[in-house]
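The residues making up each chain are set out below.
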Amino acid sequence: MAFFGIVGNDKQMASTTYSEHESASERAARKRRQGHHRSAAAADRQGQAWEDAERARQDHGSWWRR
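Peer 1: Could you clarify how one ought to interpret the confidence of the model for the chain in this entry?
Peer 2: Predicted coordinates in regions of low pLDDT should not be interpreted in detail. In this model, the chain carries an average pLDDT of 78, and 68% of its residues clear a pLDDT of 70 or more. Mean pLDDT per element in the chain: helix 1 (residues 3–6) is the minimum at 58, and helix 3 (residues 24–60) is the maximum at 88.

Structure below.
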């Protein structure tokens, strides 16, 4: 039977057949890294916006500070 001939060499066959393709675990890891990068960039923008608003509040203040 031909089936018994491939038992044991599945890793070798996969390495030659799918070597140019990204594995599912590599893809998931890449997506997690990209997701974190997007989250960090959004947090940076949010922090910068808060800093700008706080600086404007402190610099311009209310009418009695002018």
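From this point, things continue past the structure.
Peer 1: How do you make sense of the pattern of salt bridges when you look at a structure like this?
Peer 2: If charged atoms from side chains of opposite charge come close, those side chains can pair. One pass over the full model with this rule turns up four salt bridges. Measuring nitrogen to oxygen at the nearest pair gives 2.9 Å for the salt bridge that ties E22 to R30. In this structure R30 comes out as partly exposed when scored by relative accessible area, which is 26%. Residue D52 is joined to R55 by a salt bridge in which the shortest nitrogen-to-oxygen separation is 3.8 Å. A residue pair is termed a helical-turn pair when its members lie 3 or 4 positions apart in one helix, as D52 and R55 do in helix 3 at three residues. Judged by its relative accessible area of 38%, D52 is partly exposed. Overall, the relative accessible area of 42% leaves R55 in the partly exposed class. Sharing partners across several salt bridges, the network here consists of E51, D52 and R55.

About the cut-offs
- Residues numbered from 1 in each chain as written.
- Predicted model: local features only at pLDDT ≥ 70, side-chain atom pairs only at ≥ 80, totals over all residues.
- Heavy atoms only, no water.
- pLDDT = per-residue confidence, 0-100.
- Helix = DSSP H or I, 4+ residues; strand = E, 2+ residues; numbered from the N terminus.
- Salt bridge = Lys/Arg side-chain N within 4 Å of Asp/Glu carboxyl O.
- Buried < 20%, exposed > 50% of the residue type's maximum accessible area, 1.4 Å probe, protein only.

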